[in-house]
Each structure stands twice: as C-alpha cells, then as structure tokens.
Amino acid sequence: MTNLLVTGGAGFIGGNFVHYWAQNHPGDTMIVLDCLTYTGNKSTIAGIEQAELVVDDIRHTELVAKLLRERDISTILHFTAESYVDRSITGPDVFIETNILGTNSLLKTARSAWLGAGSGSPH
Ligand SMILES: NC(=O)c1ccc[n+]([C@@H]2O[C@H](COP(=O)([O-])OP(=O)(O)OC[C@H]3O[C@@H](n4cnc5c(N)ncnc54)[C@H](O)[C@@H]3O)[C@@H](O)[C@H]2O)c1
C-alpha cells in the first residue's frame, strides 16, 4: 500500500489523476491538498473513498510536514497551479507565489521531512 500526497487534486488534471489512481490502485490512499481556488472544486473527487481532501495551501509548511510525517506519505504528485494564462497577464504575482515559490516550498518541506530525518525512501 502506498500513501500519496496529491496537490491540486481538486483541479482538472489532478482530479483526473485521483480518479485514475483510485480505479487502478484501490489499495493506496491519497491525501488531496488543495486550497480550492476559483478552479478547484471538491465535487471533483467526491465519493472516492481512498481520497481525503485537506483544504489548505501548499505553502503551509507546518501542515505539509505534518501530513508527510504522520500519514506516512512516500510519493507526492504535484498538480497545484495557477493555470489561467489570461490571468497571468492581468495578475502575475499569484502565479509566481503559487507556481514557483509554492513548488519550492513543497520541495524544501519534502526534503526536510524525508531526508532531514534520515528516514524514508522518496521515489
Ligand atoms: N489543463 C491542461 O490541459 C493541462 C495540460 C498539461 C499540463 N497541465 C498542467 O497541469 C497542472 C494543473 O493544471 P490544471 O489544468 O489541473 O489546473 P487547475 O487550475 O484546474 O487546478 C489547479 C488546482 O490547484 C489548486 N491550487 C491553486 N493554488 C493552490 C495553492 N497555493 N495551494 C493548494 N492548492 C492550490 C486549485 O484550487 C486547483 O484545484 C498545471 O501545472 C498545468 O500547467 C495542464
């Protein structure tokens, strides 16, 4: 059994991944971390027993570290994004914050949780 963290799993691509993985890997569990912006919708993954939605931001490092540690997460699927190109022109700041700084935050938290503790085998 594998425990996965799926960021942005209430969005389009992440939600499709959650459905696919639940059908093909029924023994696995998924924590879906998604802060439900204008593109996220919890109904995307409603009814999937293996998927638990945690409504929060990927930049919430304490929460992410806690999930990785306490839920024994070994794999992260990172689908979180600001994804609307038109919005990136009218309001680019949130794209930097989410897509670049958020991804960096997630990577650093995973490194700290997995490698800093000297345990786990991320793949
Ligand atoms: N849609 C496509 O056709 C397509 C094709 C290829 C690649 N991609 C890539 O896949 C990724 C996801 O695209 P998508 O179309 O599913 O986008 P989407 O906008 O549908 O989903 C993004 C999800 O991320 C969540 N989110 C945003 N900021 C967050 C934050 N700070 N913390 C937690 N959750 C947050 C949103 O609530 C949403 O559920 C993007 O990197 C995109 O470039 C998309």
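Residues numbered from 1 in each chain as written. Predicted model: local features only at pLDDT ≥ 70, side-chain atom pairs only at ≥ 80, totals over all residues. Heavy atoms only, no water.

1. Considerations on the overall build of the protein
Phase 1: On a plain count of helices and strands, the protein comes out with four helices and four strands.
Phase 2: Scanning the protein from its N terminus toward the C terminus, one meets helices and strands in the order β-α-β-β-α-β-α-α.
Phase 3: Over its C-alpha atoms the protein spans a radius of gyration of 14 Å, differing by no more than 12% from the 14 Å that the globule rule assigns to 123 residues.
Phase 4: On the principal axes, the C-alpha backbone points of the protein span a range of 45 × 35 × 20 Å.
Phase 5: Evaluated residue by residue, the protein yields a buried proportion of 37% over its 123 residues.
Phase 6: Of the contacts made within the protein by residues no fewer than 6 positions apart, 64% connect residues no fewer than 24 positions apart.
Phase 7: Summed over its atoms, the accessible surface of the protein is roughly 7,200 Å², and 55% of this surface lies on carbon and sulfur atoms.
Phase 8: When the 8 positive and 13 negative side-chain charges of the protein are each reduced to one mean point, those points stand 5 Å apart. (Helix = DSSP H or I, 4+ residues; strand = E, 2+ residues; numbered from the N terminus. Rg over C-alpha atoms; globule rule 2.2 N^0.38 Å. Buried < 20%, exposed > 50% of the residue type's maximum accessible area, 1.4 Å probe, protein only. Contact = heavy atoms within 4.5 Å. Areas by Shrake-Rupley, 256 points an atom, 1.4 Å probe, with all protein chains shown as cover. Lys, Arg positive; Asp, Glu negative; His and termini not counted. Charge placed at Lys NZ, Arg CZ, Asp CG, Glu CD.)

2. Re the UniProt feature "domain: NAD(P)-binding" (unreviewed entry) in the protein
Phase 1: UniProt records the feature "domain: NAD(P)-binding" (unreviewed entry) for residues 5–115 in the present numbering.
Phase 2: Summarising residues 5–115: 47% helix, 14% strand, and an end-to-end C-alpha distance of 17 Å. (UniProt positions renumbered as here; feature names shortened; annotations may be inferred.)

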